[in-house]
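Coordinate inspection notes
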Amino acid sequence: VQVEPIEETLEQLAEKAKTGCQQSYEKIVVALQERVFSYVLQLVRNEEDAEDLAQETFVKAYRHIKSFDGRAKFTTWLYSIAKNTAFNHLRRKKPQEPLEYHQDSLVAPKEQQVGDERDSIWTLARQLKPRLFEVLWLHYAEGFSMKEMAEITKSNSVTVRVLLHRARVALRKKCRIYEKEQFVP
Amino acid sequence: MLKCWIHKLRAFGAGHQKDGHVAGCPQCAEEERAVASIEERLRNSAPRAEIPFGFTNRVFSRIARGPEREPRAQSFPWIRMAIGTGFILLGSFVIHKSSTKPATEPVLAAQQGNSSRDIVFANLPRISSREIGQLTVRLDQPLETELQSVISDTRQAIQFVASNFIPEPAN
């Protein structure tokens, strides 16, 4: 009789990893590596840096796994580490500039885009203010709830809700302008 | 304005109020559809970066390598500045101390009614302008003449030593 393996949740795997089970942590890495890498890439906009920072995120999470108390989801906890790691990297790159500068420079809009990439809704979203882009990404690309986004961004859920609302309105405007441009003869 | 109101209702989760209004307002219904379409596109077309080959192995090799020293955030070098300032202050204190040693000579000079400047000049070797002229007159001569004068000076010195210090042989 073939018994189907029981799918473990990330939180259960994290509990096992706390006891020193590296295999469990490997499963976590395999399950989340693509998401974390994509998220960090959105923040730093450089593949080499993103790979290094995503690795650093997993290494840090492994070393501090005992501080994961299970109150939040494991992904929320990991994403907050990823965000801090990316921010520290940006701060190291430009140490003289305050954090607010990085908030505004996280996602620089690309000047020249061609073909299918230009048509992507995410390409338009990237032209929004970085904080608005960030909440759009966390909500729609990663599927986080308001409460989880608040934990990741170290703010409250009302702020996140307002930011998400502003992001949607701004994106709607961008889409309208883009559609008008497309129909101009 | 109306759209804005609809968006706000949407943002703050007042679903039933919004639905009630949208049902009877074609403009808002269109806006609602547009936003829903954008949300759907956002959900379905999120770009996913391809994970680099060997990513997991690199994570575990970094874990196995042991704790890495995280680079210290570069901040204003207060400690270095403090040490440097300390050295400068110490140096200037030492210089100040050595330059303000209790001068005995000026005190003596003052007691005798002379200034310290006079004391300093009195201690210098005295030389007249004629002697200076004699010493420097040969500087413009050619090297050969200079050598000859050196030889004759040496001869005179030897003669002087011989006549004054070497005892005469006893007859």
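Residues numbered from 1 in each chain as written. Chains lettered and ligands numbered in written order. Predicted model: local features only at pLDDT ≥ 70, side-chain atom pairs only at ≥ 80, totals over all residues. Heavy atoms only, no water.

**Some points on the overall build of chain A**
Note the following rule: Only runs of H or I of at least four residues qualify as helices and only runs of E of at least two qualify as strands under DSSP, and these elements are numbered from the N terminus. When accessible area is computed with a 1.4 Å probe and restricted to protein chains, residues below 20% of their type maximum are described as buried, those above 50% as exposed, and intermediate ones as partly exposed. Working definition of accessibility: Shrake-Rupley area with a 1.4 Å probe, residue cover restricted to the visible protein chains.
The helix and strand tally for chain A stands at 10 helices and zero strands. Secondary structure elements of chain A, listed N to C terminal, follow the sequence α-α-α-α-α-α-α-α-α-α. When the 185 residues of chain A are sorted by exposure, 49% land in the buried category. Total accessible area on chain A is roughly 10000 Å²; 50% of this is exposed by carbon and sulfur atoms.

**Considering the confidence of the model for chain B**
Residues and elements named next belong to chain B. Put simply, the rule reads: As a per-residue measure, pLDDT tells how confident the predictor is, with possible values from 0 to 100.
On average, residues of chain B carry a pLDDT of 74, and 64% of them reach 70 or more. Of all the helices and strands in chain B, helix H6 (residues 104-112) carries the lowest mean pLDDT, 54, while helix H4 (residues 55-64) carries the highest, 88. Reported for the predicted complex are a pTM of 0.59 and an ipTM of 0.74.

**Looking at the state of the cysteines**
Quick reminder of the rule: By convention in this document, the label disulfide applies to cysteine sulfur atom pairs within 2.5 Å.
Under the defined criterion, the tally for this structure stands at zero disulfides over all chains. Summary of cysteine pairing: B:Cys25 is not part of a disulfide, and the nearest cysteine sulfur, belonging to B:Cys28, is at 3.5 Å.

**Topic: the side chain of A:Arg172**
As a reminder, the rule being used: Contacts were defined at the residue level, with two residues in contact if any of their heavy atoms lie within 4.5 Å.
With respect to the helices, strands and loops of the structure, A:Arg172 is situated in helix H10 (residues 157-183). Sequence-distant contacts of A:Arg172, defined by excluding residues within four places in its chain, comprise B:Glu31, B:Ala34, B:Val35 and B:Ile38.

**A look at the packing of aromatic side chains**
Here is the rule: Only Phe, Tyr and Trp rings take part, Trp by its six-membered ring, and two of them pair if their centres are within 6.5 Å. Stacked means planes under 30 degrees apart, edge-to-face means over 60, and tilted covers everything else.
For the coordinates displayed, the defined rule picks out 11 aromatic pairs over all chains. On the numbers, 5.4 Å between centres and 45 degrees between planes, the contact of A:Phe68 with A:Trp77 is tilted. Among the residues examined, A:Trp77 registers a relative accessible area of 16% and is labelled buried. A ring pair is formed by A:Tyr79 and A:Phe144, whose centres lie 4.8 Å apart and whose planes are at 70 degrees; its orientation type is edge-to-face. Linking A:Tyr79 in helix H4 (residues 74-93) with A:Phe144 in the loop between helix H8 (130-141) and helix H9 (146-153), this pair joins segments that are 65 residues apart in sequence. Taken together, the aromatic side chains of A:Tyr25, A:Tyr62 and B:Phe60 make up a single cluster linked through ring pairs.

**A word on the interface of chain B and chain A**
As a reminder, the rule being used: We define buried area as the total accessible area lost by two parts upon association, computed with a 1.4 Å probe and summed across both. By salt bridge we mean one thing: a side-chain nitrogen of Lys or Arg within 4 Å of a carboxyl oxygen of Asp or Glu. Counted as a polar contact is a pair of N or O atoms within 3.5 Å, where, for protein atoms, one must be capable of donating a hydrogen and the other of accepting one, and residues adjacent in sequence contribute only when both atoms are in side chains. Amino acids outside the nonpolar list (Ala, Val, Leu, Ile, Met, Phe, Trp, Tyr, Cys, Pro) and the charged list (Asp, Glu, Lys, Arg) are all regarded as polar, and Gly is one of them.
The interface is formed by 35 residues belonging to chain B together with 42 residues belonging to chain A. Carbon and sulfur atoms supply 63% of the area buried between chain B and chain A, which totals about 3700 Å² over both sides. Considering only the side of chain B, the residues that lose the most area to chain A are B:Leu42, B:Arg48 and B:Arg62, jointly responsible for 18% of the buried surface there. For the pair chain B and chain A, the interface holds six salt bridges. Among the salt bridges present, the one from A:Asp52 reaches B:Arg62, with a minimum N-O distance of 2.9 Å. At the junction of chain B and chain A, the tally comes to 14 residue pairs in polar contact (both at pLDDT 80 or more). If you list the elements that add at least two residues to the side of chain B that touches chain A, you get helix H1 (2-11), helix H3 (26-44) and H4 of chain B. Element by element, the count of residues in the side of chain B that touches chain A is highest for H3(B), at eight residues. The residue makeup of the side of chain B that touches chain A, split by class, is 17 nonpolar, five polar and 13 charged.

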